[in-house]
Structures are given as structure tokens and as C-alpha cells.
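Per-entry structural report
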Amino acid sequence: MESAIEVGRPFPLGASWEGSGVNFALYSAHAEAVELCLFETHGMRETARIPMIHRTGDIWHCFLPSARPGTIYGFRVHGPYVPKDGHRFNANKLLIDPYAKSLIGDLRWDEALFGYRQGPKQEWRADGRDSQQFVPKCVVIDPTFNWDGDRQLNVPMADTILYELHVKGFTQLHSGVPPEWRGKYLGLTVPAVIDYLKSLGVTTIALLPCQSFVSEQKLVVNGLHNYWGHNPVALFAPDRRYAVKDPTVEFKTMVKKLHAAGIEVVMSIGFNHTAEVDETGPTLSFRGIDNKTYYLLDQQDFRQYRDYSGCGNTLNAEHPQVLKLMMDCLRYWASEMHIDGFRFDLASSLARRDDDFDPGGSFFNVIHQDPLLSHLKLMAEPWDKQPDSYHLGRFPAGWSEWNDQFRDGVRQFWRGQGGLRQTFATRLLGSPDLFHHQRREPSASINVVTYHDGFTLHDLVTYNQKHNEANLDDNRDGAEENYSWNCGTEGETDDAAINQLRDRQKRNFLTTLMLAQGVPLLLSGDEYGRTQAGNNNAFCQDNELSWMSWNFSARERELQAFVKRLIALRKSQPALRRRQFEVLNAEQNSQAITWFEASGDHLDEPAWQQWSARALAMLINGRKTGLVSANGEPVLGDHLLVLFNARNDAQQFTVPSPPDGALWQLVLDTSEPLGSSTPVYFNGKDTFRLEQRSIAILIEYVVEASTPR
């Protein structure tokens, strides 16, 4: 075997099939020796251990002419086990290649996975047991794939409608998906599934993590599993549990099919931490390869980790090699997998420099100059788990951010809290108080009412308190404050009046979401009222509590139809997708969006602050979109009038006149989900009675025309 080994090259890192063999390259600045371990077909038995004696700089490399796609391998890395100096080398532990493109086998929790001896005061002494039978192995892949000309769709951010879904949960219960494809990447390629997405009108699916991940030991002990996937072990490898046979080919097939249907694919990606957790965690990859390089360590005690993620460790994005790993990973998912963009989980941790947040940090600068990555959708969860970690609005131009202030402000307004009209209006304008700087656009705001972390929309109007008992943590996990309102009773009920109010509140939230400037995100299942029985932290619920149900009741189909109308309305009106910010209290005659009291008077200071006021009207000038077509012509739309009533009784509105003197036609009223069977028109100064906790949308109607423009 040794006579067949060649020197190889230091780049690219990882295992690369070159047609005549496989090049292996691994970075470790502090290692003393590296061994490449090969395994038989199923990865259970080690068949060869090859010293990688060639080193270029800090990269160890070799070339194996006998290796082919499907070769199963791992690394053993020799070096000092001196935690006080930041080193945790232990060659008894088989290690996952940081650049592995595919894995085989499951992680099986055992004491042999840990680099130190278990027991009191043993954590700084190296453990001698071999971990290879308990850890997943790496698989060499052939990257060849027939894309048939596929490429990223590049839907403009302002025109994007995000739909967040989980690969498994979305199709696991879908009877129209072949049983072996349910819960798999291929499940999302089935025509019935794609037709459903297209019928909603969403432009972009936002996948929960698909990088290979493992379940935490505590969950496994309790008979639970990590469902969301925020616990990665191999950043380049699509998770095998969502594959029938070949995760890479099937992931690519999924993207290709969705692109052919005109649907973008973006993915949540985890660079903030790994599954090796803190100093008490297992040695699976980075820790055993070069702990001091890959992780942020406590500068006062190198045995400890700086934990910005709340998960025990933080990858060191300021180190050139770790930054290279991240960029190589992003480029791989973009160039090889054709992903349209990324959501960065706990993204504040990527901008840490000496514990401070730096929006001009290396991570952002490298992406900015990259000719591929800089043009993708870049979305940040703008916080991490440290007290000073909240940085909404501080990310660079070109980035969009999960806007939890939109979520909380909108929830509080529709819950009936007073004094929030100005906050509510500001969120409808795309949150200019947060994003109107550095030439950023309203699309910098990812507007969310719900997403995977928290209540579903149905539970938001059904529960005042979280009910996370199924997580087996005594209901201590999950956010305590959700700004939810159960409409009169906790949990499900047969009370018709309460259920009608809950359905109306759902329509109010959805309508607000689709009317707001910025980018709306719809959580999968909210379009019909999926429930998690009050669980607001279902990260470990890989079961029907989290999965989509496809047996829709008449009530659920009614909400689906309403959502489709809303999305169609948003897509038909360019004034709802502005590229420039509007601000409150500017000159009324220069504004594209103006605000009115229910009386018809302009809404100005100090009226915005009135605690008892819970109704307002928004007039959107469809001629002042601020948009131009490809040939430079102004893009024009219809004038819209939106009436909001968050009171617990009906409100009489005096209807302002349309800017061009036309009529208003009622097109949507959340108190009447099916709408009127006959057109209803209003002149300026007419009175409109809006029911309690409702929204009405009116569109201009030109008398001479048979239909609105």
C-alpha cells in the first residue's frame, strides 16, 4: 500500500477525485503527524492506516491512485494533549475531515468519543480508547452532475417571498410522495409538492440546515433527536438522513427541479459552532485536528472556550484558515449545489473581534469581494447568545436581517396593546429606524411574524403560555415572552366565537406581513394553521408535532385560499415592493405613503403616541413606486388604501379620496375571508365600518375602465 502512495498536492483541501486517484489534504498547524485511515465498504472495519508524511506549510497531503469515489476514510492526528496550552490532540480518536463532502454511518454516543477520561477531575487527561466504531466516516464523492444549464435564479430581494420549511417535515406525511421519498430531498421534487409551492406564489424556499449534523447526547439519552439541524459535524456534506441513496446527487436534483419550477432555494447554514460543544464535549473533528486554530479559546484559560453561540463553542472566523474554510464551504454550496443564498444562524458570532461586534470584519469583507457570493441572498440572524450580541440593523449593505422587532411590534399591536401605532407603521414601512443608512433598502428587513423558532401562527393565537413539556426539560426551555394572545381560552376549544376570532387574527397577521415593505417570510404550515400544541421550541420534536399535515379541513383550506389571494395581491402591486424608504411625518404631498386617522384627518405628531388609539389608515400612492423598468420607464401600480382596526369593537372610517380622483373598490376584508359576492365601491368621504380586529384593503377603481389597472 505504501508503495502506491504519491506526494499529492496541498490544494484543494479535503478529498478530491481527479480521475486517476484521490488527493487528500488536511490543514493542521500544530500537529506532529497525520494518518489517513481507510475503511471497508460499510465503514465498520479499518483496512489501512497511511502516514501522510508530506507537508507543505501547515497542510498535510498525499495522493492515492487506488482510491475512488466511494472510498471511506477518516484522519488520526498526532500532537500534544495539553489543554492548558489549547491543544487537544488524541490519535486514538478518528476524525471527520472538515472538507468531507459526504458521510456514512451515524454517531453512536460512547465514552470513547471523548478525548479525555470521564469522571471527576479527569477532564485534562487523555483517553486511550479508539473511537472509530462510534463516529461517522467520510466518503469520497464524484462531483459530476448534469445540471442541464441550471443556474441561480437571482430573484430580486425586493420581489422575494420566503417560505421556510424543513426537508423532512414538509413531505413526511404527504400521501402523494412515494413512501421511500417522504421526508427526503427527492420528496421536494414530486410534482404535487412543487405544484403546491407554486400555487401559494412563494418565490423562494428557505431550508432549515441540511449540513450533516448529530443529535446532542442529552437528547439521545432522553429518546429525542435534534430535528432542526443546528448541530453540525460536516459543513460541506448534505445530511444523509434526508437521502434515499446519494445525498449529494439527490440534493442537487432537488435544487435543479425547484429551479426548473422557478423556485429559489436558500439554506440556513451554521458557522457559529459545531457539535463538539465545550471542553466537556466529544472529539469528532476540529478539536482533534487543531483545536487552537479552529475555536475561540478563553485567553485567560485555554482549557475553556469562548461561547458566543450558547452551544459550548465558537468557530474562530478571524483566523485565516477558518475564514478560508467558511468561504470554501459557501462557494461549494453555491457553485456545486447551486444554492441561491444563505441564512446565517446566530450571525453576530461571525463578526466577533476581541469580543466586540465588527460589521467591517474579515468575514463580511471577504464575502463582499467574492464575485459569486456577493451576488447571492445573504441573510443574517443578527444576534448570538452573549449579552451584547443584539445587532439588528448593523450588518453591512447588501445583507438582509431577520427582523424580530417586526415580529414583536406586530404581535403586540394585534394583541391590542396601546400606544403602538407609530411602531406598527414604522414596521410596515420596512423599519427605516433600523435600516435606513448606508444606502440600504427596505429589503434589508426580513419580516417575520413566526418562523421555526417559536410559536406557529395557529399557536400564537391559541396559547398565552408555552407548553414544551414534550421536550423533557420541565418546560424551562423556549422563550417566556411570546406576545401571544389565546383569544379567551388556553388551547384548543369548540367555542365557535373564539375560533372565529382566532382565524381573523391569523388573517390579520398574514395580511400585515404581506403588506409591509421588506421581504416577507411565511413559515410552512402557517398558510393552513399548523399547530405544535403550544410548543415554542420544537427543535427536538422529529415527529408529527413538527411535520406538515396534508389532510386539510375546510377551515384550513379557507385560510390557504386567503393566503394565496394575499400573495397574489403583493406580487401584482409594485408599490408594496419599494426600493426606497419612506419615513413618518414627512411632507404629506411628497410622500408615497400617507397616514390617516379613522376620521380621515392626517395622522401626525403627537397623535401617533395616543395610548388609546388602535386604528389607522395607510394610503399607498401607486404612481410613486420609486421603481423603473429595464428600459428606464417608471413602474406604475394602483393606489391602495388599507384600514387597520386593532380595537375590540367596530370602527367607522372616513375614506380619504384616491390621489387621482377615482373610486375605491374593496378587495379584501379580514372579517370576511371569502369576500363579497358583488363589488363594493366607495367615494372619498364615504364611511366604511370596519369590524373589530380587522384589516380592509381597497384598490383604486377607474370608472371608465371595466377593471382596475
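What counts and how
- Throughout this document, residue positions are counted from 1 along each chain, in the order its sequence is written.
- The predicted nature of this model means local features are confined to residues of pLDDT at least 70 and side-chain atom pairs, given and counted, to a pLDDT of 80 or more, with totals for whole chains, interfaces and linings taken over all residues.
- Only heavy atoms go into the side-chain values, all of them from the structure, while hydrogens and water stay out.
- Runs of H or I in DSSP of at least four residues are treated as helices and runs of E of at least two as strands, each being numbered from the N terminus.
- Values of the radius of gyration come from C-alpha atoms, whereas the globule rule sets the reference at 2.2 Å times the count of residues to the power 0.38.
- In this description, contact between two residues means that some pair of their heavy atoms is separated by no more than 4.5 Å.
- Using a 1.4 Å probe, the Shrake-Rupley method yields the accessible areas, and only the shown protein chains count as cover for residues.
- When charges are tallied, Lys and Arg are placed among the positive residues and Asp and Glu among the negative ones, while His and the ends of the chain are skipped.
- Charged side chains are reduced to one point each, which is NZ for Lys, CZ for Arg, CG for Asp and CD for Glu.
- What is meant by a nonpolar core is a set of buried Ala, Val, Leu, Ile, Met, Phe, Trp, Tyr and Cys residues, joined one to another through side-chain atoms within 4.5 Å.
- Burial here depends on accessible area, computed with a 1.4 Å probe over protein chains only, as a share of the maximum for the residue type. Under 20% is buried, over 50% is exposed, and the range in between is partly exposed.
- Cavities and pockets are defined on a 1 Å grid built over the protein atoms alone: a cavity is a set of grid points where a 1.4 Å probe fits but cannot escape, while a pocket is an open set with protein on both sides within 12 Å along at least five of seven lines, and lining residues are those with an atom within 4 Å of any such point.
- Grid points are joined across faces, edges and corners, and a volume is the space filled by probe spheres set on the points.
- Residues were grouped as follows: Ala, Val, Leu, Ile, Met, Phe, Trp, Tyr, Cys and Pro as nonpolar; Asp, Glu, Lys and Arg as charged; and all remaining residues, including Gly, as polar.
- Strand pairing is assigned whenever DSSP detects at least two bridges linking the two strands.
- Every axis in this analysis is a line fitted to C-alpha atoms, fitted for helices over the stretch in contact. Angles between the N-to-C directions lie between 0 and 180 degrees.
- UniProt positions are given in the numbering used here, feature names are shortened, and annotations may be inferred rather than shown by experiment.
- Angle categories: roughly parallel below 35 degrees, roughly antiparallel above 145, roughly perpendicular from 65 to 115, and oblique for all the rest.
- Salt bridges are identified by distance alone: a Lys or Arg side-chain nitrogen within 4 Å of an Asp or Glu carboxyl oxygen.
- In this description, the term disulfide denotes a pair of cysteine sulfurs within 2.5 Å.
- For a crossing to be left-handed, the near helix must be turned anticlockwise from the far one by less than a right angle; the clockwise case is right-handed.
- Residue ranges assigned to each domain were obtained from an automatic or database domain assignment.
- Each helix should span, by expectation, one fewer than its residue count multiplied by 1.5 Å.

**Quick look at the overall build of the protein**
In terms of helices and strands, the protein carries 13 helices and 33 strands. Here the protein has a C-alpha radius of gyration of 27 Å; the compact-globule value for 709 residues is 27 Å, and the two agree. Across its three principal axes, the protein shows a C-alpha extent of roughly 90 × 55 × 50 Å. Contacts in the protein between residues far apart in sequence, at least 24 positions, make up 72% of those at least 6 positions apart. Put simply, the protein shows about 26500 Å² of open surface, and 49% of that area lies on carbon and sulfur atoms. Side-chain charges in the protein split into 71 positive and 88 negative, and the spacing between the mean points of these groups amounts to 2 Å.

**Focus on the nonpolar core**
Counting 172 residues, the largest nonpolar core has Phe24, Tyr163, Leu207, Phe251, Phe344, Phe363 and Trp595 as its most contacted members. If one sorts the elements of this core by residue count, helix H6 (residues 320-336) sits on top with 10 residues. If we skip the residues at most four places from it in the chain, Phe363 touches Phe271, Leu323, Met326, Met327, Leu330, Phe344, Leu350 and Trp399. Trp664, Phe682, Ala696 and Leu698 belong to the second-largest nonpolar core, a separate cluster that totals 15 residues.

**Remarks on empty space enclosed by the protein**
Rolling a probe over the atoms, with the probe sized like a water molecule, indicates the empty space that remains. Tallied over the entire structure, the rule returns 7 cavities of 30 Å³ or more. A volume near 150 Å³ is recorded for the largest cavity. Along the wall of the largest cavity there are 16 residues; nearest its centre are His166, Tyr227, Ser524, Arg530 and Ser546. Within the residue set of the lining of the largest cavity, elements represented by two or more residues are strand E12 (162-165) and helix H1 (167-171). Looking at the lining of the largest cavity residue by residue, the classes come out as 8 nonpolar, 6 polar and 2 charged. Asp503, Lys506, Arg507, Tyr528, Arg555, Glu558 and Leu559 are the residues that line the second largest cavity. Those elements that place two or more of their residues in the lining of the second largest cavity are helix H12 (496-515) and helix H13 (554-572).

**With respect to the pairing of strand E2 (residues 22-27)**
Counting buried residues along E2, 6 of its 6 residues qualify, which places the element largely inside the surrounding structure. What you see with E2 is no split at all: Val22, Phe24 and Leu26 on one side and Asn23, Ala25 and Tyr27 on the other are buried throughout. As paired elements, strand E1 (residues 14-17) and E2 share 4 bridges and run antiparallel to each other. Across the sheet, the residue bridging to Gly14 is Ala25, located in E2. Relative to strand E6 (residues 59-64), E2 runs antiparallel, the two sharing 6 bridges. Of the residues in E6, the one forming a bridge with Phe24 is Cys62.

**Focus on the layout of surface pockets**
Estimates place the volume of the largest pocket at around 1200 Å³. What lines the largest pocket is a set of 45 residues, and nearest its centre among them are Trp228, Lys385, Asp453, Asn537 and Phe539. At 4 residues, the largest contribution of residues to the lining of the largest pocket is made by helix H8 (residues 404-415). Its residues placed into classes, the lining of the largest pocket shows 13 nonpolar, 16 polar and 16 charged. Looking at the second largest pocket, its volume works out to about 640 Å³. Around the second largest pocket, the lining comprises 26 residues; the ones closest to its centre are Ser374, Leu376, Ala397, Gly398 and Trp399. Only helix H7 (362-369) and strand E22 (377-380) provide two or more residues apiece to the lining of the second largest pocket. Looking at the lining of the second largest pocket, the element that brings in the most residues is H7, giving 4 residues. A class-by-class count of the residues in the lining of the second largest pocket yields 12 nonpolar, 8 polar and 6 charged.

**Points about the sheet that holds strand E16 (residues 264-269)**
Ordered by their spatial adjacency, 8 strands build a closed barrel running E12-E13-E16-E19-E22-E23-E24-E25, and the pairing between neighbours is parallel. The mean angle between the axes of side-by-side strands here comes to 25 degrees, regardless of whether they run parallel or antiparallel. Where H8 meets the sheet, it contacts strand E23 (400-403) and strand E24 (445-448), and its direction lies at approximately 30 degrees from that of E23.

**Quick word on the UniProt feature "domain: Glycosyl hydrolase family 13 catalytic" (unreviewed entry) in the protein**
Residues annotated by UniProt as "domain: Glycosyl hydrolase family 13 catalytic" (unreviewed entry) correspond here to residues 164-570. Secondary structure content for residues 164-570 is 33% helix and 13% strand, while the C-alpha to C-alpha distance between its ends is 18 Å.

**As for the packing of helix H5 (residues 286-294) against H6**
Put simply, H5 and H6 touch, their axes get as near as 10 Å, and they point 120 degrees apart. Classified by the angle their axes make, H5 and H6 are oblique. Along the contact surface, H5 presents Phe286, Thr293 and Tyr294, while H6 presents Gln321, Val322 and Leu325.

**Examining the pattern of salt bridges**
One pass over the structure, following the stated rule, counts 41 salt bridges. Residue Glu381 is joined to Arg343 by a salt bridge in which the shortest nitrogen-to-oxygen separation is 3.2 Å. Separated by 38 residues along the polypeptide, Glu381 in the loop between E22 and E23 and Arg343 in strand E19 (residues 341-344) bring together distant segments of the chain. By relative accessible area, Arg343 is classed as buried at 4%. Notably, a salt bridge pairs Glu401 with Arg440, separated by 2.8 Å at the nearest N-O pair. One end of the pair, Glu401, is in strand E23; the other, Arg440, is in the loop between helix H10 (432-435) and E24, with 39 residues separating them in the sequence. Ionic contacts of the salt-bridge type, sharing partners, join the residues Glu46, Arg49, Arg76 and Asp130 into one network.

**Brief notes about the state of the cysteines**
Each disulfide consists of one covalent bond between the sulfur atoms belonging to two cysteines. In this structure the tally under the stated criterion is 0 disulfides. Free of any disulfide, Cys37 has its nearest cysteine sulfur in Cys138, 10 Å distant. Overall, the relative accessible area of 0% leaves Cys37 in the buried class. Among the cysteines around Cys540, which has no disulfide bond, Cys311 carries the closest sulfur, lying 13 Å off.

**Focus: the packing of H8 against H12**
The angle between the axes and the distance between the axes are what describe a pair of packed helices. The N-to-C vectors of H8 and H12 enclose an angle of 140 degrees; their axes lie 11 Å apart at closest approach. As summarised for this structure, H8 and H12 are arranged oblique, according to the angle between their axes. The interaxial crossing formed by H8 with H12 has right-handed handedness. In contact with Phe406, Val410, Arg411 and Trp414 of H8, H12 contributes Gln505, Asn508, Phe509, Thr512 and Leu513. Grouping the constituent residues of the contact of H8 with H12 by class yields 5 nonpolar, 3 polar and 1 charged.

**Comments concerning the environment of Lys624**
On the secondary structure map, Lys624 appears in the loop between strand E27 (615-620) and strand E28 (640-645). Overall, Lys624 belongs to the partly exposed group, its relative accessible area being 33%. Along the backbone, Lys624 and Ala575 are 49 residues apart, and their C-alpha atoms lie at a distance of 7.3 Å.

**A short note on the domain arrangement of the protein**
Domain boundaries assigned for the protein yield domain 1 (14-140) and domain 2 (576-701). For domain 1 and domain 2, the distance between their C-alpha centres works out to 62 Å.

**Some words on H6**
An α-helix turns once every 3.6 residues. As a result, residues three or four positions apart point the same way. With 17 residues, H6 ought to run about 24 Å at 1.5 Å a step, and its terminal C-alpha atoms sit 23 Å apart, in line with that. Residues Gln321, Val322, Leu323, Leu325, Met326, Met327, Asp328, Cys329, Leu330, Tyr332, Trp333 and Ala334 constitute the buried set of H6. Just downstream of H6, His338 is the residue with a positive phi angle, here 65 degrees.

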